[in-house]
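Take a look at the letters that make up each chain.
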Amino acid sequence: MTEADWPQVWEFFDEIVRAGETYAYPADLTSEQARALWTMSPPGQTVVLEGADRILGSATMGPNRPGRGSHVGTASFMVSPDARGRGVGRALGEYVVQWHRDQGFRAIQFNAVVETNTAAVRLWQALGFEIVGTVPEAFDSRTHGPVGLHVMHLRLS
């Protein structure tokens, strides 16, 4: 992702966060605050998937924890609402898995996949992730109220 990409990412980032169904970020973030949260510094990275004339989605990736936990990666994904159902999430997910392999990570851990985000849960399971635990009522869904957050894991080595 480049500086020039951020305004397009911000459009769907803000819409997704304000919807209150998948991310626990504050709904009143400014563009600058959101960019600071979303953009990963090395050794991580933030990428976008571009269509013919616009950005369709974005992903962040890097170590899940510093130091002695840095052999396990993590990632976050956002797909523009008008690009859903077109393979954007899968393409980003496949990229992220390969990137972690190429960087020598031993596994990937998603810390907080909202259990009612069934499309994401199905996608991650299709890519080989397993639900290793669920924290009950850890997310306050705008539509469903308190729901669980899955911790998902993919062994890479």
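See above for the structure.
Residues numbered from 1 in each chain as written. Predicted model: local features only at pLDDT ≥ 70, side-chain atom pairs only at ≥ 80, totals over all residues. Heavy atoms only, no water.

**Notes on the pattern of salt bridges**
For the record, the criterion: Throughout this description, the term salt bridge denotes a Lys or Arg side-chain nitrogen within 4 Å of a carboxyl oxygen of Asp or Glu. Under the DSSP-based scheme used, a helix requires at least four consecutive residues in state H or I and a strand at least two consecutive residues in state E, with every element numbered from the N terminus.
As enumerated under the stated definition, the model contains five salt bridges in all. As a salt-bridge pair, E3 and R35 come within 2.9 Å of each other at their nearest N and O atoms. Here R35 lies in helix α2 (residues 31–38) and E3 lies in the segment before α1 (6–19), a separation of 32 residues in the sequence. Across the salt bridge formed by D14 and R18, the nearest N and O atoms sit 2.9 Å from each other. Taken together, the residues D14 and R18, both in helix α1 and four residues apart, mark about one turn of the helix.

**Some words on the nonpolar core**
To keep it simple, the criterion reads: Side-chain atoms within 4.5 Å link the members of a nonpolar core, which is a set of buried Ala, Val, Leu, Ile, Met, Phe, Trp, Tyr and Cys residues. Only protein chains enter the calculation, and the probe is 1.4 Å; a residue is then buried if its accessible area is under 20% of its type maximum, exposed if over 50%, and partly exposed in between. Contacts are residue-level and defined by heavy atoms, with any inter-residue pair within 4.5 Å sufficient.
By size, the foremost hydrophobic cluster in this structure holds 26 residues, and its most contacted members are A59, M61, F77, I108, F110, W124 and F129. Per element, the largest residue contribution to this core is five residues, and it comes from helix α3 (residues 88–102). If sequence neighbours within four positions are ignored, F110 has contacts with T74, A75, F77, W124, F129, H150, V151 and M152. Counting 14 residues, the second largest nonpolar core, distinct from the first, contains F12, I16, L29 and I55.

**A closer look at the packing of aromatic side chains**
As a reminder of what qualifies: Two rings from Phe, Tyr or Trp (for Trp, the six-membered ring) form a pair when their centres sit within 6.5 Å of each other. Planes less than 30 degrees apart are called stacked, planes more than 60 degrees apart edge-to-face, and all others tilted.
Applying the stated rule across the entire model yields 13 aromatic pairs. A centroid spacing of 6.2 Å and a plane angle of 35 degrees characterise the contact between W6 and W10, whose relative ring orientation is tilted. One end of the pair, W6, and the other, W10, are both in helix α1, four residues apart, so they sit about a helical turn from each other. Among the residues examined, W6 registers a relative accessible area of 2% and is labelled buried. One aromatic cluster is present, built from ring pairs that chain together W6, W10, F13, Y23, Y25 and W38.

**Regarding the environment of G89**
Tracing the backbone shows G89 in helix α3. When its relative accessible area of 16% is taken as the criterion, G89 is described as buried. Between the alpha carbons of G89 and Y25 there is a distance of 20 Å; along the sequence they are 64 residues apart.

**Re the pairing of strand β1 (residues 45–50)**
For clarity, the cut-off: Should DSSP find at least two bridges between two strands, the strands are taken to pair.
Relative to strand β2 (residues 55–63), β1 runs antiparallel, the two sharing six bridges. Note that in β2 the partner of V47 across the bridge is A59. As consecutive antiparallel partners, β1 and β2 are separated by four residues.

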